[in-house]
Amino acid sequence: MTLSTLKSRLAFAFHLFVTLLAWVAPFLVSWKWSVPVYAAVMLQFALFSRCLMNGQHALDESDHATFYSYLFESAGFRPDRRRLKFFVRKVSYPLLATVAVVWQEVFHMEPLLF
């Protein structure tokens, strides 16, 4: 395995970890931490029109490909890339931020970690 391949695999693993963490963050950490992080991700999409982490593991974003579409397609699913990209970049992070605030402030559920 070359150093380039190792770097790409580590970047992919880190991207997967961060992606999974984003989905459980409303229950693990305070919304005061997660909401600004979700906003930063949305800002990244607005400013650069892409996920900056995709370039670290050579994921081509042509034809509406995203990290999520790559994961689904690797598992044998064929999602509509355009719709998935819209959901991931426009809906999921505001939704996760809303879940975090509602879960913690409305339902008075403490985050599991901090």
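Residues numbered from 1 in each chain as written. Predicted model: local features only at pLDDT ≥ 70, side-chain atom pairs only at ≥ 80, totals over all residues. Heavy atoms only, no water.

Looking now at helix H4 (residues 81–106). Largest kink in H4: about 45°, centred on Val 91, with the proline Pro 94 one to four residues after it. Every buried residue of H4 is listed here: Leu 84, Lys 85, Val 88, Arg 89, Ser 92, Tyr 93, Leu 96, Ala 97, Ala 100 and Gln 104. Close packing links the buried residues of H4 with helix H1 (3–28), helix H2 (31–48) and helix H3 (67–74). The backbone nitrogen of Arg 82 lies 3.0 Å from a side-chain oxygen of the residue at the head of H4, namely Asp 80. Once H4 finishes, His 108 follows within two positions and takes phi at roughly 55°, a positive value. (Bend = angle between axes of the 7 residues up to and from the residue. Helix = DSSP H or I, 4+ residues; strand = E, 2+ residues; numbered from the N terminus. Buried < 20%, exposed > 50% of the residue type's maximum accessible area, 1.4 Å probe, protein only. Contact = heavy atoms within 4.5 Å. Polar contact = N/O pair within 3.5 Å; in protein donor to acceptor, adjacent residues only side chain to side chain.)

Applying the stated rule across the entire model yields eight aromatic pairs. Between Phe 12 and Tyr 70, the aromatic rings sit 5.7 Å apart at their centres with planes inclined by 80°, giving edge-to-face as the arrangement. Of this pair, Phe 12 sits in helix H1 while Tyr 70 sits in helix H3; the two residues are 58 residues apart in sequence, bridging distant segments of the chain. Measuring from ring centre to ring centre gives 6.4 Å for Phe 72 and Phe 77, while their planes differ by 85°; the resulting arrangement is edge-to-face. Judged by its relative accessible area of 36%, Phe 72 is partly exposed. Residue Phe 77 is classed as exposed on the basis of its relative accessible area, which comes to 52%. Each residue in the set Phe 12, Phe 67 and Tyr 70 is aromatic and connected to the rest through ring pairs, giving one cluster. (Phe/Tyr/Trp six-rings, centres within 6.5 Å; stacked < 30°, edge-to-face > 60°.)

Within the secondary structure layout, Leu 95 lies in helix H4. Sequence spacing of Leu 95 and Tyr 38 is 57 residues, and the spatial spacing of their C-alpha atoms is 9.7 Å.

Positive phi, normally seen in glycine, also occurs at Ser 49, with a value near 55°. Tracing the backbone through its elements, the reader meets Ser 49 in the loop between H2 and H3. Positive phi values are uncommon outside glycine, yet Asp 63 reaches one of about 55°.

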